[in-house]
Amino acid sequence: MKRPAGVSRTDHVRGSPLAAVTLIGYGDFGCPACADNYLAVKKIQKKMGARIRYVFRSFPQPSEYELSEDAAEAAECASSQGKFWEMHDRLFENRGASDELHLSRYATDLGLNLPRFRREMREHVHRKKIRAGRRAAVRRGITSAPTFFINAERHRSS
């Protein structure tokens, strides 16, 4: 298993680059195991505070979860309005409810510019980025979500 790519300016990051621990997670918003891991990561972040930096990379698996790519796009649409993490949390907390109605409701609840959000979704403005990220992950040996790396070493749960 190759190591994940280093943290880049296009990554979604919570925490300081000076943190002792960098946790990189590849996740699918439609995946139940990823939603479970989301809760575990939140607990770890709370316990470790400033000692951890968390990087989330979308790894949609549309062959397993029909709307996972749409959910990843919704997160990127929210990111374009400065609300990636808020949408990230909403998607996982609602366990993959990512049809058009739910996504619009989340966007409204988060105070996003709804016409812009809907236009970006309809025109698939961020799909190329999402697919390129997934291809890069596959080239690095990621085959499914969730997958985690702690300080560039793959975490294997027992």
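Anything mentioned here points back to the structure above.
A few points on the structure. (Residues numbered from 1 in each chain as written. Predicted model: local features only at pLDDT ≥ 70, side-chain atom pairs only at ≥ 80, totals over all residues. Heavy atoms only, no water.)

Before going further, it helps to spend a moment on the sheet that holds strand 5 (residues 153-154). Strand order in the open sheet formed by five strands is 1-3-2-4-5, with mixed pairing between adjacent strands. In this open sheet, the two edge strands, each paired with only one partner strand, are strand 1 (12-14) and strand 5. Taken strand by strand, helix 3 (residues 84-93) contacts strand 1 and strand 3 (52-58), and its axis lies near 70° from that of strand 3. (Pairing = 2+ DSSP bridges. Helix = DSSP H or I, 4+ residues; strand = E, 2+ residues; numbered from the N terminus. Contact = heavy atoms within 4.5 Å. Axes fitted to C-alpha atoms, helices over the stretch in contact; angles between N-to-C directions.)

On to helix 6 (residues 127-139). With 13 residues, helix 6 ought to run about 18 Å at 1.5 Å a step, and its terminal C-alpha atoms sit 18 Å apart, in line with that. Listed in full, the buried residues belonging to helix 6 are R127, I130 and A137. Seen along its axis, helix 6 keeps its buried residues to an arc of 95°; they face one direction. Facing away from the buried side of helix 6 by over 90 degrees, the exposed positions are K128 and R139. In the segment just after helix 6, G141 is the residue with positive phi, at about 95°. (Expected span 1.5 Å × (residues − 1). Buried < 20%, exposed > 50% of the residue type's maximum accessible area, 1.4 Å probe, protein only. Arc of directions from axis to C-beta.)

With that out of the way, let us pick up unusual backbone geometry. In the segment running from A145 into P146, the intervening peptide bond is cis, with an omega of 0°. Position of P146 relative to the elements: it lies in the loop between helix 6 and strand 4 (147-150). Its identity as a non-glycine residue notwithstanding, H124 has a phi of 50°, on the positive side. Within the element layout of this structure, H124 appears in the loop between helix 5 (114-122) and helix 6. Classification of H124 by relative accessible area gives partly exposed; the value is 36%. Although it is not a glycine, A152 sits at a positive phi angle of roughly 75°. Topologically, A152 is positioned in the loop between strand 4 and strand 5. Judged by relative accessible area, which is 25%, A152 ranks as partly exposed.

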